[in-house]
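Architecture at a glance
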Amino acid sequence: MELNKLTAHELLDLIKNKKATPQEILGSVHEQIEKSEKDVKAYVRINENTVVATASDERSVPIPIGIKDNMCILDQETTCSSKILKGFKAPYNATVIDKLKKSGALLIGNTNMDEFAMGSSTENSCYGTTHNPWKLDCVPGGSSGGSAAAVAANEAIWAIGSDTGGSIRQPASFCGVVGMKPTYGRVSRYGLIAFASSLDQIGPITKDVADSALLLNIIAGYDERDSTSVDMPVPDYTQALENNVKGLKIGIPKEYFVEGLDPEVKDAVMTAIEVLKKQGATFEEVSLPHTDYGIATYYITATSEASSNLARYDGVQYGIRELAKKTRKSPLLDMYDETRAVGFGAEVKRRIMLGTYSLSSGYYDAYYLKGLKVRTLIKNDFDKLFADFDAIIGPTSPTTAFKIGDRVNDPLSMYLSDIYTVSANLSGIPAISLPCGFSKEKLPIGLHIMTKPFAEEMLFRIAYTYEQNTQWHKQRVEL
Amino acid sequence: MTATATRKYETVIGLEVHLQFDTATKIFCGCANKFGETPNTLTCPVCLGLPGALPVVNAKALEYAIKVGLALNCTINPFVKFDRKNYFYPDCPKAYQISQFDLPICSNGHLMIETADGEPKKILINRAHLEEDAGKLIHDNANNCSLVDYNRTGTPLLEIVTEPDLRSAEEAYNYLQNLKLTLQYLNVSDCDMEKGSLRCDANISIRLIGETKLGTKTELKNMNSFKAVKAGLEHEINRHEAALESGQTIVQETRL
Ligand SMILES: [Zn+2]
């Protein structure tokens, strides 16, 4: 039995029945890393001495987990895959890390990502590209590409990602795993290095829906250190895993099935809808009229917030510091210029420039403020639908994983791979991507489900029902 | 000040007072809010602006701001918002100051003063908004470097901004005296200018009597006593008058 290919809930059963130990599980994960990490490159740092704590109580979940490299871990390097943060060791744990450590989680290492979570392919990393375990010359998606690839390659049982515009769901879709973005405010962002604060949310990347619910149980909840986290009780999400969608009403937005959608992806999604129909859900074509403005609104909002959030990387307190060889403006200004010129990659610089422009006086009203208003219109679209529908369904991404290098020089085509996912961030609602088939090239396809705010249980119920009536989540890569 | 000049020109002054609250902790974190401690001993990830840290507003600072607002006859706004003022400087670890831009906590107030003739006069207060104080730079010339002390970073500040209603250095002085008395009575700050608990910036311009447009202003900063404010303003009034009388134009500037 290859322990590393099992899910967390299967492993917990084995541990409970004394058929496996956390050490054995950790060993099998490390063995896999030994074998395939040189090809996949999912991790930027691997902890050699992961401590297996003696199980303290029944809730203990001693499962090996990968952590995206943008969450602060006490005294360990966290870099957001950026040169500018090389050497930065946080003097504190992110709330999510605290919660995981308390649950007995085995932190295997930090997973690769697009620099500061800006990207859809994990190609924008100062450590190099992560490869898609299903097809090594393809991207794993991004920005949580390392986390999704680690889970798909069985180099982690599960992983944590962050999602600003699809950064959990799109790589999950490309790598054939389950990626879930909770409602904004459901999981504390304290210690998550900010990209766009009003959109960022931490969530689980797992092999199946049951694990997604289990991991969300661990990380969700109010945190007084994050004013945007919501003080609402956290239900036991595993209780929502019900193989039953009878009577549920699900909307299919007509705006999602248009030009640019790969016919193979479309077919897989339509087939998935048939599966749920058979289980008793009813489907209806609906409209989200502001869908077309999603990408533009997203990129204006996200880059504006990023330009402000990333201003602190100036060489003063932490990370790298570069000094000018010859004084140009002043020693201080030269240090800022040099540090940022050397420390940031091209995509991050591009977005800082876009965001700075949108926020600058004279353009603020035309761009950032207008963006906020359109964002409200997009949210209104969803609010209206959720008055009548339990969920909305569609593809996670218009295509399957593309070849490494294919879109690097075409940022716009890269941005379009987030077209179906950004709306959930703009409107703050929960969403999940789960495997629903493969292309002829044997690349995974993702099914995307969204529900109203704090209706994660409904999301899990529909996703679980789909999974119970299909086999896609049982597929494993051989590496 | 010459008697003829005073009749010809009118002085226009607006004041911005920065008041440090003496809350037990800082405005967005739990660090102690104290003066004169060893550098960088009163810090945490939040006030150091470390990656991933998030601000949580101090309820006491809001309460103090409301107290001041009520004492200054302000409208207390039921919906307030914090904004970021972005700028690069080593005393500002996030490269932005959290402040309030379009929705401040207090607006449209006034404070009564006495004019030179002993008449009561209403000085309108445009707004009072909450923000965080910056750190302190210490220039070490011997070693040719600058050091940063972040103890002050995140000290709660209330910026109280008047309308340009003050017509002489003396009125400005009287306003500051009355304001300080009010603030001390509220017990929200020690109002010690030496320690920087109360700081004052002034905008001053002059114009011909009868003119409705404001003249070119000079900004006066970092004055460490009310007497210094008065003296500084008197000096500027004389300088502006002399310049206009000799046919020069005033260049807008900030004087430290
Ligand atoms: Zn602090």
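Per chain, the residues get numbers from 1 upward, laid out in the order the sequence is written. Starting at A for chains and at 1 for ligands, labels are handed out in the order in which the entities are written. Only residues with pLDDT of 70 or above have their local features reported here, since the model is predicted, and side-chain atom pairs are shown and tallied only from 80 upward, although totals for entire chains, interfaces and linings are computed over all residues. Computation of side-chain values covers all heavy atoms of the structure but excludes hydrogens and water.

**Examining the coordination of the zinc ion**
All names here are of chain B. As a rule, N, O and S atoms within 2.8 Å of a metal are its donors, except that Na, K and Ca use 3.2 Å; water is not among the atoms, so sites may look incomplete. Protein ligation of the zinc ion involves C29 (SG), C31 (SG), C44 (SG) and C47 (SG), the donor distances falling in the range 2.3 to 2.4 Å. Between consecutive donors of the zinc ion, the numbers of intervening residues give the motif C-x1-C-x12-C-x2-C. Taken together, the positions of C29 in the loop between β1 (9-20) and α2 (59-71) and C47 in the loop between β1 and α2 put the pair 18 residues apart, joining distant regions of the chain. Only protein chains enter the accessibility calculation, which uses a 1.4 Å probe. A residue is then buried if its area is under 20% of the maximum for its type, exposed if over 50%, and partly exposed in between. Judged by relative accessible area, C29 falls into the buried class, the value being 12%. Under the relative-accessibility criterion, C47 is labelled buried at 6%. Per the convention used, a helix needs a DSSP run of H or I reaching at least four residues, while a strand needs a run of E reaching at least two, with both numbered from the N terminus.

**Some points on the environment of R186 of chain A**
All names here are of chain A. Within the secondary structure, R186 is located in the loop between β5 (178-181) and β6 (201-206). The class of R186 is buried, set by a relative accessible area of 2%. Linking R186 and L354, residues 168 residues apart in sequence, is a C-alpha distance of 30 Å. Contacts: residue pairs with any heavy atoms within 4.5 Å of one another. Ignoring any residue separated from it by four or fewer positions in sequence, one finds R186 in contact with Q201, A220, G221, V230, M232, P233, V234, P235, Y237, F454 and E456. Polar contacts, as used here, are pairs of N or O atoms within 3.5 Å; protein pairs need one atom able to donate a hydrogen and one able to accept it. Residues neighboring in sequence count only if both atoms are side-chain atoms. A distance of 3.5 Å separates polar atoms of two side chains, one belonging to R186 and the other to Y237.

**Describing the pattern of salt bridges**
Any carboxyl oxygen of Asp or Glu that lies within 4 Å of a side-chain nitrogen of Lys or Arg is treated as forming a salt bridge with it. Under the criterion given, the structure shown has 35 salt bridges over all chains. Ionic pairing is found between R45 of chain A and E77 of chain A, a salt bridge with its closest N-O pair at 3.4 Å. Taken together, the positions of R45 of chain A in strand β1 (residues 43-46) and E77 of chain A in the loop between β2 (64-68) and α3 (95-102) put the pair 32 residues apart, joining distant regions of the chain. E77 of chain A sits in the partly exposed class, given a relative accessible area of 21%. Salt-bridge contacts for D163 of chain A lead to R169 of chain A; the nearest nitrogen and oxygen are separated by 2.8 Å. Taking the relative accessible area as the measure of exposure, D163 of chain A reaches 0% and is therefore buried. Here R169 of chain A falls in the buried class, since its relative accessible area comes to 0%. The network of salt bridges with shared partners includes E236, R239, E253 and R255 of chain B.

**Re unusual backbone geometry**
All names here are of chain A. For the peptide bond that leads from G142 to S143, omega is 10°, which places it in the cis range. Mapped onto the elements, S143 comes out in the loop between β3 (106-111) and α4 (145-152). The phi dihedral of K442 is positive, around 70°, even though this residue is not glycine.

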